[in-house]
Amino acid sequence: MTGVNPSGLELDKYLFRLNLEPMTEPLLVSPRLVYVERVIGIPEIELLDLSKDERTALALSNKTGSYQLAALDVRGGKLRPVSHGKERVAWARISNDSETVCFSRDFGGKEEHQLFTVPLEDGDEEEQLTQLSSTRVEGFNWSNGDDRLVLAGATKEVNGAWTVDLSNGSHTQIYQNRHWVFNPEWSKDDSRICVSAKTTEHPTALELVLLSPEGELEPLIYTPKEGSENTNGGWHPSEPWILFRTDARGRYELAIYKTDSQELTYLKGGELGLDFPVFAWMPDGKSVYYLATNTGRTRLYTELIDGSEPPREVLLPEGYHAGYFGSSVKVARSGEYFVFSWSSLSSPPTLSRYDTRTRRVETLHEHFTDLPLGRAEPVVYNSFDGRPIHGWFLKPARVEARSPCVLWIHGGPAWEVADEWNPAIQSFLVAGYTLFAPNIRGSTGYGVEFQNLNIHDCGGADLKDVEEAAKYLRTRPEVDSSKIALVGASYGGFMTFLGTTKLPDYWAAAAAIVGITDWKEMYELSDAAFRSFIERYFGRPEDNPELYRDRSAINFAENLKAPLLIWHRGNDSRCPLSPVQKYADRLRELGKDFEMNVVWDEGHGFQKTENLARQYKAIIEFLDKKMV
């Protein structure tokens, strides 16, 4: 490929033969699509846990082509497999004696999980622990005595918490709730369990709920203010105190609730960031550590709980350290080091260690690539109401004037495009497209008020933010304003479906990935957890029928103008296939220009690498074809 510009769109003119097995016919492949496959193949890695004996970091990685567990000696060395196979691992925790890993496994992407155990040191013999019936496991944790687990999750009918006996895998429900329940944590004497649960009908409220492991006592519900959001309670190493995140004072802060004295104190971190995606106690119980996030980047701090000193920053590489699971920073029991995973939009995921004595960062595992990765520029534009919207404008390694551009809308909606590795975004960049990823209202990372702006208004003002983003792109000298494509997955797929019908004149093409076309039917098909999720943003269908109707693209299909690629997955339990198939049928009746592909062995979340590569190669081929 000497002399060929690998990042320009003109590479479609060049074809080359892959050096594979002998063949009778030449196999001609676009170098751009080879780059897409390679960038999707860069392995991701995220820290999940650190053993109490301070020897082993447990991470989730798709290095084998599916998301499996891998272990790494914190002194350095190679990743070694802990779990095996192609069915993805969803969550994992190491036992307190550092001998066993328990993990939840998904089957075919349906998110109907079972729990498994495997020895940490020689992860060859996996054993299925549970026989759960159609249960979405949101998370679990070991008791301190390592004899039980507590898990939070949902069935079709209810949300709740269950204990699991490690000796025989039997499970007992100890809490039942109409709305979602998550983040179960044992107190240090195993006498109580703290979960976060929505116990009222206030759309954004979440309370701390204290449970007895046997379920014999009435749950105790704690909130510092009615209607406030209180999450991720973690018990002090020795005292009956809970560290948690709250918006009781109108912004996200960290607070400590002393259950013995019923005293509440706030930490100082609210002055440092707009959100706190990771936080926990330091081993001595005298201080805490937390990630503070601001405009898509995170910084790590420690803070004494007595307030005698200001928070102290732990200097980590610039980027995003929070990851997806909220457990990407762990401190050793001795307090001598942190282990953390991190990345940036142009730096693949890395696992590192920070020594608290030398204050130096040591890389434990990283991936090197010679691909021409794109670079990110932070951008702020004003929306229709004057509200500033922050996002990232990304350029390929070589930019030709006035290139086609992808307007990328993230999922969630309570999520963000941070300065974090995103193989989907990079796939467009290595294919030569520019890309703009705005964090429209409803995104995390910009404060609680901004995050809640789309409550009961999904597809309303946030869609206007998307419209203003398209207008902004027309002012960029790098962008061909006649070739802007709207692309998104999950909530971004919903926004793509709705945006192409309610704002039909802005787009040259579009691709909706695992999106939503009919909120009412989605509600009817959802389990208890996702019915609660939908009610947060829409209320109940019987209470807000017009909102459900107005924000469902199925009711506006006739407005579609842009060529549309629909990419869905047959086992998706979050955004079920049926409403999307009905939308496609309607488009076919109307004679619209669209294509649809269903991947039958996958669900909503993390995919096998081969399927993800197939997905983004198909999207880029579609955009190439339709935006000529």
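Observations concerning the environment of Gly488
Turning to step 1, where the next piece is worked out: Here Gly488 shows up in strand 35 (residues 479–489).
Turning to step 2, where the next piece is worked out: The exposure class assigned to Gly488 is buried, which follows from its relative accessible area of 0%.
Turning to step 3, where the next piece is worked out: Separated by 23 residues in the primary sequence, Gly488 and Ala511 have C-alpha atoms spaced 6.8 Å apart.
Turning to step 4, where the next piece is worked out: Every residue in contact with Gly488, bar those within four places of it in the chain, is listed here: Trp408, Ile409, Gly493, Thr496, Ala511, Ala512 and Ile513.

Observations regarding the sheet that holds strand 29 (residues 347–355)
Turning to step 1, where the next piece is worked out: Spatially, 27-28-29-30 is the arrangement adopted by the four strands of the open sheet, whose pairing is antiparallel. In this open sheet, the two edge strands, each paired with only one partner strand, are strand 27 (329–331) and strand 30 (360–365). Adjacent strand axes in the sheet meet at a mean angle of 25° when their direction is disregarded.
Turning to step 2, where the next piece is worked out: Strand direction decides the pairing type here: strand 27 and strand 28 (residues 337–344), joined by three bridges, are antiparallel. What sits directly across from Val331, in strand 28, is Phe338.

Concerning helix 7 (residues 528–538)
Turning to step 1, where the next piece is worked out: The element helix 7 is largely enclosed, with a buried count of eleven among its eleven residues.
Turning to step 2, where the next piece is worked out: Within the span of helix 7, buried status applies to Ala528, Ala529, Phe530, Arg531, Ser532, Phe533, Ile534, Glu535, Arg536, Tyr537 and Phe538.
Turning to step 3, where the next piece is worked out: Looking at the buried residues of helix 7, the elements they touch are strand 11 (136–142), strand 12 (148–154), strand 13 (159–165), helix 3 (448–451), helix 6 (519–525) and helix 8 (545–550).
Turning to step 4, where the next piece is worked out: Residue Asp527 occupies the N-cap position of helix 7, its side-chain oxygen lying 3.2 Å from the main-chain nitrogen of Ala529.
Turning to step 5, where the next piece is worked out: Positive backbone phi, approximately 75°, marks Gly539, located one or two places after helix 7.

Some details on the pairing of strand 30
Turning to step 1, where the next piece is worked out: By the bridge criterion, five bridges tie strand 29 to strand 30 in an arrangement that is antiparallel. Counted as the bridge partner of Tyr354 is Val361 from strand 30.
Turning to step 2, where the next piece is worked out: Adjacent in sequence and paired antiparallel, strand 29 and strand 30 are bridged by four residues, among which Arg359 carries a positive phi angle near 60°.

Considering the pattern of salt bridges
Turning to step 1, where the next piece is worked out: One pass over the full model with this rule turns up 45 salt bridges.
Turning to step 2, where the next piece is worked out: For Asp527, the salt bridge is made with Arg136, and the minimal N-O distance between the two is 2.8 Å. Here Asp527, found in the loop between helix 6 and helix 7, pairs with Arg136, found in strand 11; they are 391 residues apart in sequence, far enough to count as distant.
Turning to step 3, where the next piece is worked out: Within this structure, Asp385, Arg387, Arg441, Glu449 and Asp465 form a network of salt bridges that share partners.

Criteria and thresholds
- Residues numbered from 1 in each chain as written.
- Predicted model: local features only at pLDDT ≥ 70, side-chain atom pairs only at ≥ 80, totals over all residues.
- Heavy atoms only, no water.
- Helix = DSSP H or I, 4+ residues; strand = E, 2+ residues; numbered from the N terminus.
- Buried < 20%, exposed > 50% of the residue type's maximum accessible area, 1.4 Å probe, protein only.
- Contact = heavy atoms within 4.5 Å.
- Pairing = 2+ DSSP bridges.
- Axes fitted to C-alpha atoms, helices over the stretch in contact; angles between N-to-C directions.
- Polar contact = N/O pair within 3.5 Å; in protein donor to acceptor, adjacent residues only side chain to side chain.
- Salt bridge = Lys/Arg side-chain N within 4 Å of Asp/Glu carboxyl O.

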